[in-house]
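Coordinate analysis (summary)
Each chain, written out:
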Amino acid sequence: MKLQKTITTKIAGGLAVLFLAGAVSACSPEVGSEEWCNDLKEKPKGDWTANEATDFAKHCLM
C-alpha cells in the first residue's frame with residue numbers, strides 16, 4: 001500500500017513537470033520568427049538580454 005502511494009506520487013509529479021514544461025514552451029514564439037521579432041521590437045531595449053540582442057541582430061535585421 002505504501003509503495004503504491006509512493007509510485008503514484010512520483011508519476012503525478014512527473015506528469016505535472018511535463019505539463020508545465022509543455023505549457024511554458026508553447027507560449028513563447030520561436031526565436032527568429034516574425035512574431036518573435038515583433039515581440040522584441042515592442043520590448044524596451046533596456047530589458048533585452050545579451051542573447052536576445054544577438055539573436056535579434058542575426059534574425060531580424062538581416
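In this convention, every chain numbers its residues from 1, walking through the sequence in written order. The predicted nature of this model means local features are confined to residues of pLDDT at least 70 and side-chain atom pairs, given and counted, to a pLDDT of 80 or more, with totals for whole chains, interfaces and linings taken over all residues. By convention in this description, side-chain values take in all heavy atoms of the structure and omit both hydrogens and water.

Some words on the nonpolar core
What is meant by a nonpolar core is a set of buried Ala, Val, Leu, Ile, Met, Phe, Trp, Tyr and Cys residues, joined one to another through side-chain atoms within 4.5 Å. Throughout, exposure labels follow a simple rule: accessible area from a 1.4 Å probe, protein chains only, divided by the maximum for the residue type, with under 20% read as buried, over 50% as exposed, and the rest as partly exposed. With six residues, the main nonpolar core is built from Trp-36, Cys-37, Leu-40, Trp-48, Phe-56 and Cys-60. With three residues, helix 2 (residues 34–42) is the largest single contributor of residues to this core. Any two residues having at least one pair of non-hydrogen atoms within 4.5 Å are treated as being in contact. Those residues within four positions of Leu-40 in sequence are excluded, and the remaining contacts are Trp-48, Glu-52 and Phe-56. Numbering of helices and strands runs from the N terminus, with a helix taken as a DSSP run of H or I at least four residues long and a strand as a DSSP run of E at least two residues long.

What about the state of the cysteines?
Sulfur atoms of two cysteines make up a disulfide when they are within 2.5 Å. For the structure shown, the criterion picks out one disulfide. Paired by a disulfide, Cys-37 and Cys-60 hold their sulfur atoms 1.8 Å apart. Its torsion about the S-S bond being -85°, the disulfide of Cys-37 and Cys-60 is classed as left-handed. Residue Cys-37 is found in helix 2, and its partner Cys-60 is found in the segment after helix 3 (50–59); the two are separated by 23 residues along the sequence.

Describing the pattern of salt bridges
Salt bridges are counted wherever a side-chain nitrogen of Lys or Arg sits within 4 Å of a carboxyl oxygen of Asp or Glu. The tally for this structure, following the rule as stated, stands at one salt bridge. Put simply, Lys-43 and Glu-52 hold a salt bridge, and the shortest N to O gap is 3.1 Å.

So, helix 2
Among the residues of helix 2, Trp-36, Cys-37 and Leu-40 are the ones counted as buried. The buried residues of helix 2 occupy an angular sector of 100° when projected down its axis, which confines them to one face. Exposed and facing more than 90 degrees away from the buried side of helix 2 are Glu-34, Lys-41 and Glu-42. The arc refers to the directions leading from the helix axis to the C-beta atoms.

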